Amino acid sequence: MMNKTLVLFVFLFSFFSIQAQLGGSTSYQFLDLANSSRIQGLGGSNISIYDKDVNLTLSNPALLDSSQSGSISLNYMNYVGDINYGYSSYTHHINDIGTFNIAMMYANYGKFTRADETGVKQGEFVANDLSVIVGYGRRIDSLFSIGGNLKFFNSIYDVYSSNGIALDLAANFYKPSKLFSASIVLKNMGVVFSKYNEKEKLPFEVQIGMSKKIKHAPFRFSLTLANLQQWDLTYEDPNAPKEFDTETFEELPPKEPSFFDKSIRHIVFGTEIILSKNFNIQLGYNVRRREEMKFSQKPGMVGFSGGVAFKIKQFNLNYSLSSYHLAGRSHSFSITTNINNFRQKN
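1. Some remarks on the packing of aromatic side chains
- A full pass over the atoms with the stated rule returns 16 aromatic pairs.
- Taking 5.4 Å as the distance between ring centres and 20° as the angle between the ring planes, the aromatic pair formed by phenylalanine 112 and phenylalanine 125 counts as stacked. Separated by 13 residues along the polypeptide, phenylalanine 112 in strand S3 (residues 98-115) and phenylalanine 125 in strand S4 (residues 121-139) bring together distant segments of the chain.
- Judged by relative accessible area, which is 35%, phenylalanine 112 ranks as partly exposed.
- Judged by its relative accessible area of 21%, phenylalanine 125 is partly exposed.
- Through a chain of ring-to-ring contacts, three or more aromatic side chains come together here, namely Tyr28, Phe30 and Phe153.

This is how it looks when you write it as structure tokens:
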């Protein structure tokens, strides 16, 4: 049998051979929406926390674990404007095979006014996305686990529709004695069966994350590096103040983004304050979101997020608030339980 460590090593570094897709040129961005309130509270992206939370397994299927068998989760997000989306899942473990997760994610973008080229209104139409996900995770040994998500998706915008299939591959390293976890995920590799046009591409992404719980202190810190398939995530802001030469009064070209500016946009920070096993607080900071969505004159709390999780009897509840823009905040709610707990009582 091939050495397990070698297999994992090849998997972790195989993404270097994958051709990156440039940001702004892909469709089906709903595949990257944060599915749970906890992830929203942690900045919108987390792939490394290993604590049996089944809602984290959409972001990283390698976190699927036998202890989650029987878990049911329901999640609702009031995104921005009239956009709402939800996620639900059920997890089941099969001995000697692995742990499976069946999930569905649905996004509704509200109603739109249909008009012809002269502006004459012709009624309304709706737009929505749907994805059905089959996840699988399995432990290789006491430290490493691997997993994958197979996502069947369909988009309907008025009379136009598109569908396809995407695959996530993931690996996780978890050392309980050090309270440390690290993961890598390759997201949204696949094909589109029917396209709106010939330019539709999946939002392929490479993520690396790590989480560390401080021993004898109620803090767990997470760092997620997102969009590693593309180094430069900056763009030229057409609304940025223009600068002029003081002598010639000619308009100066935009300044080249610094190495620091390019690197920091990949980072999502997350912190959890674990006050007890039944109560914790989440705090997050998404650098790229803040840089792209803030007003320079009044940045406010754009890019920051927070949440609270607590347990009531057999139910785990989570609420979070994320600031995407001065004019748009996202509220999200999650509830999770395990049906095996009720069966045991009966």
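Let's pick the thread back up.
2. A few points about the pairing of strand S10 (residues 267-276)
- Taken together, the seven bridges between strand S9 (residues 219-225) and S10 define a ladder with antiparallel strand orientation. Across the sheet, residue phenylalanine 219 finds its bridge partner in S10, namely isoleucine 273.
- As judged from the eight bridges shared by S10 and strand S11 (residues 279-286), these two strands associate in the antiparallel manner. Looking at S11, one finds that isoleucine 273 is bridged to isoleucine 281.
- In sequence, S10 turns back onto S11 through a hairpin of two residues.

3. Things to note about the nonpolar core
- Judged by nonpolar contacts, the single largest core of 28 residues is most densely connected at Tyr28, Phe30, Tyr85, Met105, Phe153 and Leu202.
- Among the secondary structure elements, those contributing two or more residues to this core are strand S2 (84-94), S3, S4 and strand S6 (160-175).

4. Quick notes on the pattern of salt bridges
- Enumeration over the complete set of coordinates arrives at 13 salt bridges.
- Linking aspartate 53 and arginine 38 is a salt bridge whose minimum nitrogen-to-oxygen distance equals 2.9 Å. One end of the pair, aspartate 53, is in the loop between helix H2 (37-41) and strand S1 (71-78); the other, arginine 38, is in helix H2, with 15 residues separating them in the sequence.
- According to the relative accessible area criterion, aspartate 53 is buried, its value standing at 17%.

5. Section: empty space enclosed by the protein
- Overall, the coordinates contain one cavity of 30 Å³ or more when judged by the stated rule.
- The calculated volume of the largest cavity comes to roughly 30 Å³.
- Every residue lining the largest cavity is listed: Leu31, Leu58, Met105, Ser131, Ile133 and Lys151.
- In terms of residue class, the lining of the largest cavity is built from four nonpolar, one polar and one charged.

6. Quick look at the environment of alanine 226
- For alanine 226, the position within the fold is in the loop between S9 and helix H3 (259-264).
- Judged by relative accessible area, which is 9%, alanine 226 ranks as buried.
- Along the sequence, alanine 226 and valine 206 sit 20 residues apart, while their C-alpha atoms lie 6.5 Å from each other.
- In this structure, alanine 226 is in contact with Glu205, Val206, Gln207 and His266, ignoring residues within four places of it in sequence.

7. So, the confidence of the model for the protein chain
- Mean pLDDT over the protein chain works out to 86, with 87% of the residues at or above the 70 mark.
- Considering only residues more than four positions removed or in separate chains, one finds that residues 1-23, a stretch of pLDDT under 50, has 29 contacts.

8. Some remarks on a nonpolar patch on the surface
- Together, Ile102, Met104, Val132, Val134, Leu150, Phe152 and Leu167 make up a nonpolar patch on the protein surface, roughly 510 Å² of accessible area in all.
- Secondary-structure elements contributing two or more residues to the nonpolar patch are S3, S4 and strand S5 (144-157).
- On the basis of relative accessibility, which here comes to 31%, the residue leucine 150 falls in the partly exposed class.

9. A closer look at unusual backbone geometry
- Despite not being glycine, asparagine 188 shows a phi value in the positive range, around 60°.
- Counting through the fold element by element, asparagine 188 comes out in strand S7 (residues 180-194).
- Its relative accessible area of 1% is what places asparagine 188 among the buried residues.
- Although it is not a glycine, lysine 313 adopts a positive phi angle of roughly 55°.
- The topology assignment puts lysine 313 in the loop between strand S12 (304-312) and strand S13 (315-325).

10. So, the pairing of S1
- Burial of the side chains of S1 is restricted to one face: Ser71, Ser73, Asn75 and Met77 are buried, whereas none of Ile72, Leu74, Tyr76 and Asn78 on the reverse face is.
- Joining the antiparallel neighbours S1 and S2 is a turn of five residues, in which glycine 81 adopts a positive phi near 60°.

11. What to know about the side chain of serine 222
- Positionally, serine 222 belongs in strand S9.
- At a separation of 3.3 Å, a polar atom in the side chain of serine 222 contacts the side chain of asparagine 46.
- In this structure, serine 222 is in contact with Asn46, Ser48, Ile49, Met210, Ser211, Val268, Phe269 and Gly270, ignoring residues within four places of it in sequence.

Criteria and thresholds
Residues numbered from 1 in each chain as written. Predicted model: local features only at pLDDT ≥ 70, side-chain atom pairs only at ≥ 80, totals over all residues. Heavy atoms only, no water. Phe/Tyr/Trp six-rings, centres within 6.5 Å; stacked < 30°, edge-to-face > 60°. Helix = DSSP H or I, 4+ residues; strand = E, 2+ residues; numbered from the N terminus. Buried < 20%, exposed > 50% of the residue type's maximum accessible area, 1.4 Å probe, protein only. Pairing = 2+ DSSP bridges. Core = buried A, V, L, I, M, F, W, Y, C linked by side-chain atoms within 4.5 Å. Salt bridge = Lys/Arg side-chain N within 4 Å of Asp/Glu carboxyl O. 1 Å grid on protein atoms, 1.4 Å probe; cavity = no way out; pocket = protein on both sides within 12 Å on 5 of 7 lines; lining within 4 Å. Points joined across faces, edges and corners; volume = space filled by probe spheres on them. Nonpolar A, V, L, I, M, F, W, Y, C, P; charged D, E, K, R; others polar. Contact = heavy atoms within 4.5 Å. pLDDT = per-residue confidence, 0-100. Patch = residues over 30% accessible without salt bridge, like charges linked within 9 Å, V, L, I, M, F, W, Y side chains within 5 Å. Areas by Shrake-Rupley, 256 points an atom, 1.4 Å probe, with all protein chains shown as cover. Polar contact = N/O pair within 3.5 Å; in protein donor to acceptor, adjacent residues only side chain to side chain.

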